[in-house]
Amino acid sequence: MSPGAKSSADTLRQYEQLKADIERHQYQYYVLSEPLLPDIEFDRLFQQLLDFEQQYPDLITADSPSQRVGVKPHDGFAEVVHLQRMLSLDNAFSDEQVYDFERRVHDRLNTVAPIRYSAEPKLDGAAISIVYEKGQLLRAATRGDGQTGEDVTHNVKTIASVPLRLLGDGHPDVMEVRGEIFMPSAGFEALNARARKAGEKVFANPRNAAAGSLRQLDPSITAQRPLDIFIYGVGVVEGGALPGFHSEVLQQLQVWGLKVCPEIDVVMGADGCLNYYRSIGARREALPYEIDGVVYKIDDCDLQRKLGQVSRAPRWALAHKFPAQEQLTTVKDIAFQVGRTGAVTPVARLAPVSVAGVVVSNATLHNIDELLRKDVRVGDTVIVRRAGDVIPEVVRVVIERRSGNPAEVTLPEQCPVCGSDVVRPEGEAVARCSGGLVCPAQRKESLKHFVSRKALDVEGMGSKLIDQLVDSGRVSHFSDLFALSGAELAQMDRMGEKSADNLMAAIESAKHTTLPKFLYALGIREVGEATALSLANYFCDIEPIILASTDELQEVPDVGPVVAEHIRSFMNQAHNREVINDLLQQYNVHWPKFDKPRADAELPFSDKTIVVTGTLSAMSRAEAKEAIQQLGGKASGSVSAKTDYLLAGANAGSKLAKAESLGVPVLSEEDLLDILNKHRI
Ligand code: I6G
């Protein structure tokens, strides 16, 4: 039907239903911070409304969601009427839509002159407006419905990167800045890991975590949350002037101490925008925060004014979205997997669905409590999420789509792999198979850990091969790997003679390791790389660790009673000590003598705090941190005035910018390798 078509009673009903659906989803999203649908489904619904209204313009009501930006504020906060309406952005999902946008801009401006854009990553957080009066932070408010938001001043003031007073001088009398409050990925993972351990509610994604943290009624809770901010523009400005180009405005804001995303760039034309989109897209996973696309803005503020806005979005800006990280699919089955430490983890087997370019057919449900809290059942429609390298997870069930009454899922009483009892100690979120290394699943996972890159690093010893070696009875313990012959390996599936030879060479070279790697490889519960290094630094050899009491173990920095107990109980088992003995005596697994860190004065990084950032080529970041500690230094996570050096690899982002702004000396990977060589570490 053509635009302007006449509407019938049915059409009216359909329109009212569509509006009501969207309002309900907006309430869930903005007020409760608990969206029912993935963004992509919501965007589809919203587009349906826009198409509908284009077809039936006579139906459009002033309260249609298309005429508003968000929803009404929550009761717990004072209302703030924004000095200037906070808009949304129009979205593009394809290159073609970006070219269309530029064509519309050219038409409206009646020009074909090349257009200069400011391009920036689109953070996945919560929009904020902050008003500064005479350089002092006066008020901060959420977007709300665009006209009226919630007063979250007390909460925003707890965010360290939000200046309470602007730096320098020449500030306008009144200046409203707008930006995005977000939770960096590492902080989000840590927050959820803590919540999961404590059996508390976890956040579905960093955006919900940021929005939920910002809207705490108690600011002391917000203060504990790892929130950060990027300012992306200004609203009302009175009693002062800002530069005439958006990119220069942002530079000025930075000079006044406001935090601006270091990835912002100025590009020419739609082609420049698309190059930017691809280059940020390629680095998306390496960025320390989640983004869901990029934003292009016409850089010349005069042109922005000429173009103006439609009801809900400026005509001079466009959000270009990445493929969605959340999709809908259905649960075919719920299985229980047994891990290295016996943890029994529920996993949803899904109807395959493409999420951000990868086909996902399994998603973790973390533990039985979370499975029960989410109430996932076979046959359910669920939102599945895949972000970065993180294992795909079921975010929530779309309960409205459940049909019939599928059975609730319960924790199995016996291990699905070996039949041993599944036990769940009082107060623990994780249930475990009690079979230990009798359980083939635990054996396989322990072996996979033992040969992994950060452990003994046996190149070419993949997961499928270990499954075969265990299933065929050739390998039961770590030491059995060193007893394998080339002929035995060559008999395995997809193993030619050549690859068997290569693998034999890899097994041989894995015998030469380091004490921290060996300790880590043993897979003792809660002994990760950092703890293994601390143990090595303290004891310098394996023998004293085997013999150490829990009290002695707790002398080691980072080792508390729980970890000490895990180490003791591992070493108390005769067969574990036998395996260690076989590895060292019979198969000659060895490492260079491990000295206690030398006297401070001898070491180049004594008393120095060093932050590692970016991608390194000769080592992982964990290895660089290990090296820093061996050189007497302390590896820290964030750059501050107290940081002595920044070790920066490729694509170092905000940490490099911050180090430079604070005058912190920057070391390259080559510098570190030189120092290591000089000190023969
Ligand atoms: O630069 C921006 C980033 C994100 C934006 C923006 C945004 O919303 C989440 N929204 C508007 C309205 C503008 N810039 C102008």
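Everything that follows concerns the structure shown earlier in this document.
Read on for an overview of the structure. All values reported here derive from a predicted model rather than from experimental measurement.

## Quick word on the overall build of the protein chain
Phase 1 of the analysis: If you tally the helices and strands in the protein chain, you get 25 helices and 22 strands.
Phase 2 of the analysis: On C-alpha atoms alone, the protein chain measures out to a radius of gyration of 29 Å, which is about the 26 Å that the 2.2 N^0.38 rule sets for 681 residues.
Phase 3 of the analysis: Taken over 681 residues, the protein chain has a buried fraction of 50%.
Phase 4 of the analysis: Sequence separation of 24 or more characterises 68% of the internal contacts of the protein chain that already satisfy a separation of 6 or more.
Phase 5 of the analysis: Accessible area for the protein chain stands at about 32,100 Å²; split by element, carbon and sulfur atoms hold 49% of it.
Phase 6 of the analysis: Taken together, the 75 basic and 93 acidic charged side chains of the protein chain have centroids lying 2 Å from each other.

## Brief notes about the nonpolar core
Phase 1 of the analysis: With 57 residues, the main nonpolar core has Met461, Phe518, Leu535 and Ile542 as its most contacted residues.
Phase 2 of the analysis: Apart from residues no more than four positions distant in its own chain, Ile542 is found in contact with Leu515, Phe518, Leu519, Leu522, Ile580, Leu584 and Trp591.
Phase 3 of the analysis: Ranked by size, the runner-up nonpolar core spans 32 residues in total, among them Leu166, Met183, Ala209 and Ile231.

## Re the site of the ligand
Phase 1 of the analysis: In the vicinity of the ligand, the residues found are Leu87, Ser88, Leu89, Glu120, Arg143, Glu180, Tyr232, Val295, Lys297 and Trp316.
Phase 2 of the analysis: Within the contact set of the ligand, an oxygen atom lies 3.0 Å away from a side-chain nitrogen or oxygen of Glu120.
Phase 3 of the analysis: Note that an oxygen atom of the ligand is positioned 2.6 Å from one of the side-chain N or O atoms of Lys297.
Phase 4 of the analysis: Split by residue class, the shell around the ligand holds five nonpolar, one polar and four charged.

## Overview of the pattern of salt bridges
Phase 1 of the analysis: Applying the stated rule across the entire model yields 37 salt bridges.
Phase 2 of the analysis: Between Lys444 and Asp471 there is a salt bridge, with the nearest N and O atoms lying 3.0 Å from each other. Placement of Lys444 in helix H12 (residues 440-450) and of Asp471 in helix H13 (residues 463-471) is noted, with a sequence separation of 27 residues between them.
Phase 3 of the analysis: What makes Lys444 buried here is its relative accessible area of 15%.
Phase 4 of the analysis: In this structure Asp471 comes out as exposed when scored by relative accessible area, which is 57%.
Phase 5 of the analysis: A salt bridge links Arg474 to Glu488; the shortest N-O distance between them is 3.7 Å. Linking Arg474 in the loop between H13 and helix H14 (478-481) with Glu488 in helix H15 (residues 486-490), this pair joins segments that are 14 residues apart in sequence.

## Details of the sheet that holds strand E3 (residues 116-123)
Phase 1 of the analysis: Taken in spatial order, the five strands line up as E2-E11-E10-E3-E9 in an open sheet, and their pairing is mixed. Of all the strands in the sheet, the pair left with one neighbour each is strand E2 (91-92) and strand E9 (265-268).
Phase 2 of the analysis: Judged from the five bridges that link them, strand E10 (residues 291-298) and strand E11 (residues 317-321) form a sheet pairing that is antiparallel. Each bridged residue has a counterpart across the sheet, and for Gly293 the counterpart in E11 is Lys321.
Phase 3 of the analysis: In this fold helix H3 (residues 95-109) packs onto E2, E3, E10 and E11, with an angle of close to 175 degrees to the strand it touches most, E11.

## A word on the sheet that holds strand E7 (residues 174-182)
Phase 1 of the analysis: If you trace the four strands from one edge of the open sheet to the other, you get E5-E4-E7-E8, paired in antiparallel fashion. Two strands bound the open sheet, and with one partner strand each, they are strand E5 (136-142) and strand E8 (228-238). Averaged over all pairs of adjacent strands, the angle between their axes in this sheet comes to 25 degrees, without regard to strand direction.
Phase 2 of the analysis: Sheet analysis places E7 next to E8, joined by eight bridges and oriented antiparallel. Residue pairing across strands places Val177 opposite Val234, the latter belonging to E8.
Phase 3 of the analysis: In this fold helix H8 (residues 246-255) packs onto E7 and E8, with an angle of close to 110 degrees to the strand it touches most, E8.

## Describing the packing of aromatic side chains
Phase 1 of the analysis: Scanning the model with the defined rule gives 13 aromatic pairs in all.
Phase 2 of the analysis: Between Phe52 and Tyr56 the ring centres are 5.0 Å apart and the planes differ by 45 degrees, which places this aromatic pair in the tilted class.
Phase 3 of the analysis: Residue class for Tyr56 comes out buried when judged on its relative accessible area of 8%.
Phase 4 of the analysis: Geometrically, the ring pair formed by Phe182 and Tyr289 is edge-to-face, given 5.5 Å between the ring centres and 65 degrees between the ring planes. One end of the pair, Phe182, is in strand E7; the other, Tyr289, is in the loop between helix H9 (269-283) and E10, with 107 residues separating them in the sequence. Both residues of the pair, Phe182 and Tyr289, count as buried.
Phase 5 of the analysis: The structure contains a cluster of three or more aromatic residues connected by ring pairs, namely Tyr15, Phe52 and Tyr56.
Phase 6 of the analysis: Directly above the aromatic system of Phe245 lies the positively charged group of Arg116, at a separation of 4.9 Å from the ring centroid.

## Section: the pairing of strand E19 (residues 609-613)
Phase 1 of the analysis: Among the five residues that make up E19, five are buried, leaving the element largely enclosed by the rest of the structure.
Phase 2 of the analysis: Burial of the side chains of E19 extends over both faces: Thr609, Val611 and Thr613 are buried on one face and Ile610 and Val612 on the other.
Phase 3 of the analysis: The pairing of E19 with strand E20 (residues 634-636) spans three bridges and is parallel. Its bridge partner being in E20, Val611 is matched across the sheet by Ser636.
Phase 4 of the analysis: Remark: the E19/helix H23 (residues 621-630)/E20 crossover connection has right-handed handedness.

## Comments concerning the state of the cysteines
Phase 1 of the analysis: Enumeration over the complete set of coordinates arrives at zero disulfides.
Phase 2 of the analysis: Here Cys301 is not disulfide-linked; the sulfur of Cys273 is the nearest cysteine sulfur, at 16 Å.
Phase 3 of the analysis: Exposure remark for Cys301: the relative accessible area of 13% places this residue in the buried category.
Phase 4 of the analysis: As a non-bridged cysteine, Cys433 has Cys418 as the owner of its nearest cysteine sulfur, 3.6 Å distant.

## Focus: the packing of helix H18 (residues 529-539) against H23
Phase 1 of the analysis: One can describe the packing of H18 onto H23 by two numbers: an axis separation of 11 Å at closest approach and a directional angle of 25 degrees. Put simply, H18 runs roughly parallel to H23. The two elements H18 and H23 cross, and the hand of that crossing is right-handed. When H18 is examined against H23, the residues Glu529, Leu533 and Asn537 are found in contact with a partner set consisting of Ala622, Glu626, Gln629 and Gln630.
Phase 2 of the analysis: Residues that form the contact of H18 with H23 fall into these classes: two nonpolar, three polar and two charged.

## Digging into the environment of Ser569
Phase 1 of the analysis: With respect to the secondary-structure elements, Ser569 resides in helix H21 (residues 561-572).
Phase 2 of the analysis: You can call Ser569 partly exposed: its relative accessible area is 36%.
Phase 3 of the analysis: Residues Ser569 and Arg525, spaced 44 residues apart in sequence, show a C-alpha to C-alpha distance of 9.9 Å.

## Describing helix H2 (residues 39-55)
An α-helical segment advances 3.6 residues per turn. Residues three or four places apart therefore align on the same side.
Phase 1 of the analysis: A rise of 1.5 Å per residue sets the reference length of H2, with its 17 residues, at 24 Å; its end C-alpha atoms lie 24 Å apart and thus fit the reference within 8%.
Phase 2 of the analysis: Within H2 the residues assigned to the buried category are Glu41, Phe42, Asp43, Leu45, Phe46, Leu49, Phe52 and Glu53.

Rules of the game
Numbering of residues starts from 1 in every chain and runs along the sequence as written. Residues qualify for local features only when their pLDDT is at least 70, as the model is predicted, and side-chain atom pairs are given and counted only at 80 or more; totals for whole chains, interfaces and linings, by contrast, use all residues. Values shown for side chains rest on all heavy atoms present in the structure; no hydrogens or waters enter the calculation. Strands are runs of DSSP state E lasting at least two residues, helices are runs of H or I lasting at least four, and both sets are numbered from the N terminus onward. Atoms counted for the radius of gyration: C-alpha only. Globule rule: 2.2 Å times the number of residues to the power 0.38. Residue burial is assigned from relative accessible area. The probe radius is 1.4 Å, only protein chains are included, and a residue is buried under 20% of its type maximum, exposed over 50%, and partly exposed in between. In what follows, residue pairs with any heavy atoms lying within 4.5 Å of each other are defined as contacts. Every accessible area reported is derived by Shrake-Rupley at a probe size of 1.4 Å, with residue values counting cover from the shown protein chains alone. His residues and chain termini do not enter the charge count, which takes Lys and Arg as positive and Asp and Glu as negative. Throughout, a charge is located at the NZ atom of Lys, the CZ atom of Arg, the CG atom of Asp or the CD atom of Glu. Among the buried residues, those of types Ala, Val, Leu, Ile, Met, Phe, Trp, Tyr and Cys that are joined through side-chain atoms within 4.5 Å form a nonpolar core. Whether a residue is near a molecule or strand depends on its heavy atoms: it is near if one of them lies within 4 Å of it. Two N or O atoms count as a polar contact when they lie within 3.5 Å, although within protein this holds only if one can serve as hydrogen donor and the other as acceptor, and sequence-adjacent residues are included solely when both atoms are side-chain atoms. Residue polarity is assigned by list, with Asp, Glu, Lys and Arg as charged and Ala, Val, Leu, Ile, Met, Phe, Trp, Tyr, Cys and Pro as nonpolar; anything else, Gly included, falls into the polar class. By salt bridge we mean one thing: a side-chain nitrogen of Lys or Arg within 4 Å of a carboxyl oxygen of Asp or Glu. Two strands pair if DSSP finds at least two bridges between them. Every axis corresponds to a line fitted to the C-alpha atoms, with the helix fit spanning only the stretch in contact, and the corresponding angles, defined between N-to-C directions, vary from 0 to 180 degrees. Stacked, tilted and edge-to-face pairs are distinguished by plane angle, under 30 degrees for stacked and over 60 for edge-to-face with tilted covering the rest, among Phe, Tyr and Trp rings (Trp via its six-membered ring) whose centres lie within 6.5 Å. For a Lys NZ or an Arg CZ to count as sitting over a ring, it must be within 6 Å of the ring centre and within 35 degrees of the ring normal. By convention a crossover is right-handed if, when the strands point away from the viewer, the path from the first strand over the helix to the second runs clockwise. In what follows, a disulfide is any cysteine sulfur pair within 2.5 Å. Note on angle classes: values under 35 degrees are labelled roughly parallel, values over 145 roughly antiparallel, values of 65 to 115 roughly perpendicular, and the remainder oblique. Two helices that cross are described as forming a left-handed crossing if the nearer one is turned anticlockwise from the farther one by less than a right angle, and a right-handed crossing if clockwise. What a helix is expected to span follows from its residue count: subtract one and scale by 1.5 Å.

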